[in-house]
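These are the residues of each chain, in order.
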Amino acid sequence: MNYYSTRSLTETTAAGAIAGGLAPDGGLFVPMEIPALTVSDLEALCKMDYRQRAVNVMARYLPEFSAEELEGFAKAAYGENFDDPAIAPVHALDDKTSFLELWHGPTCAFKDMALQMLPHLLTASLKKNGEQRQVCILVATSGDTGKAALQGFADVAGTKIMVFYPNGGVSDVQRLQMVTQQGNNVGVCAVQGNFDDAQTGVKQIFGNADIASQLNSRGWFLSSANSINWGRLLPQVVYYISAYCDEVNAGRIQMGEKINFVVPTGNFGNILAGWYAKQMGLPVNRFVCASNENNVLTDFIRTGTYNRNRPFHVTASPSMDILVSSNLERLLFTLSGSAPETDGYMKDLREKGQYTVSRELLGKLQSEFSCGFCDDVRTRAAIGSLWAEHHYLMDTHTAVAYQVLCDYRKETGDDTPAVVVSTASPFKFCDHVLTAIGGNADAPGVQLIDRLSQASGIPAPKPLAGLAEREVRFRGCVEKNLMPQTVLDFI
Ligand SMILES: *Cc1c(COP(=O)(O)O)cnc(C)c1O
């Protein structure tokens, strides 16, 4: 099965899509057809563990990869580095509500689900493409991607990784996780500006022919670990299917019964992976797209106009502080079935900062997606009340989704069993979580890890314990226009 670009139908193989990241025309690669998942496939998947599920699902999209290869990747990606043998366990809250916990990996956020797998997919894809050069991964991060990518690529032969994060735009814990990263091939640098500035800066470096030729002559080229890479998205399709199987196995739903997924959304990568699972045949009723105060997606799903010309808010859920959701392009392409139409929307977005989709496209979008948003005050209230009533602790991103689910149920009366996709450990955002459960958060974030552990009686995840004592390796902070030079100096 091949892949093509959302903007010009340029075609490539699965390995080509993963090795390339972005398509040459600036579009994103999408599979030309979506593999089907039958009920008997699902029944078979129910009997498997997470690794086997990952191999089974990913193989359907990766014809050039042998089962043996994928088994090796799954073993390396989803093993002792996770603190729960289920890898992506489902926590049942009540009859109709569960949390899919995607933060049991080495950096305590859901990005690990993909970024523990991506280095294996990427290095193998490069080999299959006969690539002789070494690859430097460039990442713009709103917090969690950076650390997860650093952790995934640290000391992987033939690679380097450089991460840019918005200065002041990530949590204290997130920043320390990154600037203390070990490994001989890693670099981390702050950028004056917000996440969109960092992301735009990285995109410009990718599009800069002069940098490409300088690097080429030194035997290097650039690639991306951002969620625009198909190799990031594909491993995420797995956990939607896995969660469904776990719900069936636990007797909470019948095989074939539809469920809703509620997803705290930023770049639209996570929720889009769920949508692919549904296109394959996973019984899903609706996806609820949850945003924080940066509610550009809420407005889009309600009105059909995507408008990034609006104030940017720094919120308690920083990984969702995003005004340009890159992965939406894949959905627009598949729903419209038209590369020129998609290209037109993206051109409007670049030139005017907004676009309005056709009525037909909006209708299709609304038939599968609902939406809502939640500000910081309600986010903290949701954390506090869930803790008080159920003794279940959520992070701020998950809390946005949970509150939006409560709102959605009230508004629509839809009581379909729902799975809230839980994207980070509460210990990654201790200050907000501690305040929310009535604790005192008047110290830097890292010192609050112990405090939150004492207040909740929950041990802090191993990767976060002792963070304050680790050596800071990276202190750089640059203006946006110095990002290209920073990359050249790094390689
Ligand atoms: C990245 C991230 C999100 C947003 O996911 P997208 O795929 O960008 O929509 C939500 N929560 C957390 C904790 C994250 O790290």
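Just so we're clear, the structure is a prediction, and the values are computed from it rather than from any experiment.

Novice: A description of the site of the ligand should follow, citing residues and the corresponding values.
Specialist: The full set close to the ligand counts 15 residues, and Lys111, Asp144, Gly266, Asn267 and Thr423 are the nearest of them. Asn267 places a polar main-chain atom, nitrogen or oxygen, 2.7 Å from an oxygen atom of the ligand. Looking at the shell around the ligand, its residues break down into five nonpolar, eight polar and two charged.

Novice: Break down the sheet that holds strand β6 (residues 134-140) for me, citing the residues and quoting the values.
Specialist: Here we have five strands laid out as an open sheet, ordered β9-β6-β7-β8-β16, and parallel in their pairing. Across the chains shown, the open sheet's two edge strands, defined by having one partner strand only, are β9 (220-224) and β16 (477-478). Here strand β8 (residues 186-191) runs beside β16; their pairing, made up of two bridges, is parallel. Counterpart to Ala190 in the pairing with β16 is Cys477. Here helix α21 (residues 483-490) sits on the sheet and contacts β6, β7 (159-166), β8, β9 and β16; the angle it forms with β7, its principal contact strand, is near 150 degrees.

Novice: Tell me about the sheet that holds strand β11 (residues 284-291), and name the residues and values.
Specialist: Strands sit in the order β4-β5-β15-β10-β11-β14 across an open sheet of six strands; the sheet is mixed. Looking at the sheet topology across the chains shown, the edges are occupied by β4 (90-94) and β14 (369-373). Across the sheet, the mean angle from the axis of one strand to that of its neighbour is 25 degrees, orientation sign disregarded. In the packing of helix α12 (residues 269-280) onto the sheet, the strands contacted are β10 (259-264), β11, β14 and β15 (418-422), and the crossing angle to β11 comes to about 175 degrees. Docked against the sheet, helix α18 (residues 396-412) engages β4, β5 (97-101), β10, β11, β14 and β15, running at close to 160 degrees with respect to β15.

Novice: Can you lay out the packing of helix α3 (residues 50-59) against helix α11 (residues 230-249) for me, pointing to particular residues and giving the numbers?
Specialist: With their axes 9 Å apart at the nearest point, α3 and α11 run at an angle of 125 degrees to one another. One finds that α3 runs oblique with respect to α11. Here the hand of the crossing between α3 and α11 comes out right-handed. For the pair α3 and α11, the contacting residues are Tyr50, Arg53, Ala54, Val57 and Met58 in the first and Leu234, Pro235, Val237, Val238, Tyr239, Ile241, Ser242, Cys245, Asp246 and Asn249 in the second. Each residue belonging to the contact of α3 with α11 can be placed in one class, and the counts come to 11 nonpolar, two polar and two charged.

Novice: Can you explain helix α7 (residues 144-153)? Please cite residues and give values.
Specialist: Of all 10 residues that make up α7, nine are buried, and the element is covered over most of its length. Three or more residues of α7 are buried, namely Asp144, Thr145, Gly146, Lys147, Ala148, Ala149, Leu150, Gly152 and Phe153. Two residues or fewer after α7 comes Asp155, characterised by a positive phi angle close to 60 degrees.

Calculation notes
Residues numbered from 1 in each chain as written. Predicted model: local features only at pLDDT ≥ 70, side-chain atom pairs only at ≥ 80, totals over all residues. Heavy atoms only, no water. Near = heavy atom within 4 Å. Polar contact = N/O pair within 3.5 Å; in protein donor to acceptor, adjacent residues only side chain to side chain. Nonpolar A, V, L, I, M, F, W, Y, C, P; charged D, E, K, R; others polar. Pairing = 2+ DSSP bridges. Helix = DSSP H or I, 4+ residues; strand = E, 2+ residues; numbered from the N terminus. Contact = heavy atoms within 4.5 Å. Axes fitted to C-alpha atoms, helices over the stretch in contact; angles between N-to-C directions. Parallel < 35°, antiparallel > 145°, perpendicular 65-115°, else oblique. Left-handed = near helix turned anticlockwise from the far one by under 90°. Buried < 20%, exposed > 50% of the residue type's maximum accessible area, 1.4 Å probe, protein only.

So, to be careful, I would describe these as geometric facts and stop short of saying anything about function.
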